[in-house]
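# Architecture and fold: a report
What follows is the residue order along each chain.
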Amino acid sequence: MSKSLPEQSNFITIGAWNPAIIQPRWLSKYFSDHIPETCNIEIASVGVASAFRMSYPKVSIDPNNGRLIFIPKDLTEENMKYIAELSMGIQSKLEHTPIFAAGSNFVFQLETGESFALDEIEPEPQIAGLYKDLKEQGKIVSKSIRHTFSLKDYSVNINYDYAGADRFLRINFDYPGANSMRQAAEGLTANFKYSLELKQRLIRKQ
């Protein structure tokens, strides 16, 4: 069965977030039901600046560079509900923060003996046949295919990534506009469950 990659999955909101406000003490003060008083701080250099990430038992929170990112420790329905509640609480406390877009990303890695259902529609030998001269000299080692669906209030991007022998399925739900954070948070659990359904349909045993 394909493997969930929580470290590459997230709930993300893009806006004028102030990392000087979204700090461990502030989070534990206003969200004591969700956030413990202690946390691990991870420091990463971004260009000439340093950014920090707060690590908690269920989630890591990154409030830097105009983005507020929630990275689940495990991809579970319980954690999606937790992140949705926490993110909406933060937005309520910082209601005057301009928000431009929000969304969620779920990433899965195929295991040995698995393939994409898409491979039956777009087999690699036929693709390689388009590049006869290159095929004679080497082989395709990576490719990325994206299918984007536009829905009423958001779009869904399904990415098939091939990197050597590795295969990754990346499913993105993208909400635009000022009300995007609430819409994305309210739909987070349902979108996660739908991603699991898509994964079952899009990944097959060979």
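So, here's what we can say about the structure. (Residues numbered from 1 in each chain as written. Predicted model: local features only at pLDDT ≥ 70, side-chain atom pairs only at ≥ 80, totals over all residues. Heavy atoms only, no water.)

Let us now look at the overall build of the chain. Counting its secondary structure elements, the chain contains 6 helices and 12 strands. By principal-axis analysis of the C-alpha atoms, the chain measures approximately 60 × 40 × 30 Å. A separation threshold of at least 6 residues defines the contact pool for the chain, and within that pool the share at least 24 residues apart is 62%. For the chain, the accessible surface area stands at approximately 11,600 Å², while carbon and sulfur atoms represent 50% of it. In the chain, which carries 23 positive and 24 negative side-chain charges, the distance between the mean positions of the two groups comes to 0 Å. (Helix = DSSP H or I, 4+ residues; strand = E, 2+ residues; numbered from the N terminus. Contact = heavy atoms within 4.5 Å. Areas by Shrake-Rupley, 256 points an atom, 1.4 Å probe, with all protein chains shown as cover. Lys, Arg positive; Asp, Glu negative; His and termini not counted. Charge placed at Lys NZ, Arg CZ, Asp CG, Glu CD.)

So, on to helix 6 (residues 188-202). Relative to the 21 Å expected for 15 residues at 1.5 Å per residue, helix 6 spans 20 Å between its end C-alpha atoms, a close match to the ideal helical length. Taken together, the buried positions of helix 6 are occupied by Leu188, Thr189, Asn191, Phe192, Ser195, Leu198, Lys199 and Leu202. (Expected span 1.5 Å × (residues − 1). Buried < 20%, exposed > 50% of the residue type's maximum accessible area, 1.4 Å probe, protein only.)

By the criterion of burial, strand 10 (residues 155-163) is predominantly enclosed, with 8 of the 9 residues buried. Linking strand 9 (residues 142-150) back to strand 10 in an antiparallel pair, the connection comprises 4 residues. Where strand 10 and strand 11 (residues 166-176) come together, 9 bridges link them in antiparallel fashion. Considered in strand 11, the bridge of Ala163 is made with Asp166. (Pairing = 2+ DSSP bridges.)

This paragraph deals with unusual backbone geometry. In this structure, Asn65 takes a positive phi of about 55 degrees despite not being glycine. Its location among the elements puts Asn65 in the loop between strand 5 (59-62) and strand 6 (67-72). According to the relative accessible area criterion, Asn65 is exposed, its value standing at 61%.

Let us now look at the pattern of salt bridges. Side chains that carry opposite charge are capable of pairing whenever their charged atoms lie near each other. Tallied over the entire structure, the rule returns 5 salt bridges. Between Lys81 and Glu77 there is a salt bridge, with its nearest N and O atoms 3.6 Å apart. On the criterion of helical spacing, the pair formed by Lys81 and Glu77 is a turn pair, its members being 4 residues apart in helix 2 (residues 77-93). (Salt bridge = Lys/Arg side-chain N within 4 Å of Asp/Glu carboxyl O.)

Moving on, we come to the nonpolar core. Of all hydrophobic cores here, the largest spans 47 residues; its most connected members are Leu27, Ile61, Phe70, Ile90, Tyr160 and Leu169. Among the elements that line this core, the one with the most residues is helix 2, at 7 residues. Discounting chain neighbours no more than four positions away, the residues touching Tyr160 are Phe116, Leu118, Lys143, Ser144, Ile145, His147, Phe168, Leu169 and Leu202. (Core = buried A, V, L, I, M, F, W, Y, C linked by side-chain atoms within 4.5 Å.)

Let's shift gears to the packing of helix 2 against helix 6. At a minimum axis separation of 8 Å, helix 2 and helix 6 run at an interaxial angle of 150 degrees. Overall, the two elements helix 2 and helix 6 adopt an arrangement that is roughly antiparallel. For the element pair helix 2 and helix 6, the recorded crossing hand is right-handed. Here Glu77, Met80, Lys81, Ile83 and Ala84 of helix 2 come into contact with helix 6, specifically with Leu188, Thr189, Phe192 and Lys193. (Axes fitted to C-alpha atoms, helices over the stretch in contact; angles between N-to-C directions. Parallel < 35°, antiparallel > 145°, perpendicular 65-115°, else oblique. Left-handed = near helix turned anticlockwise from the far one by under 90°.)

One pass over the structure, following the stated rule, counts 9 aromatic pairs. Measuring from centroid to centroid gives 6.4 Å for Tyr154 and Phe173, while their planes differ by 45 degrees, and the two rings are tilted. Of this pair, Tyr154 sits in the loop between strand 9 and strand 10 while Phe173 sits in strand 11; the two residues are 19 residues apart in sequence, bridging distant segments of the chain. Taking relative accessible area as the criterion, Tyr154 reaches 22% and is therefore assigned partly exposed. What makes Phe173 buried here is its relative accessible area of 1%. (Phe/Tyr/Trp six-rings, centres within 6.5 Å; stacked < 30°, edge-to-face > 60°.)

On their own, these measurements won't tell you what the molecule is for.
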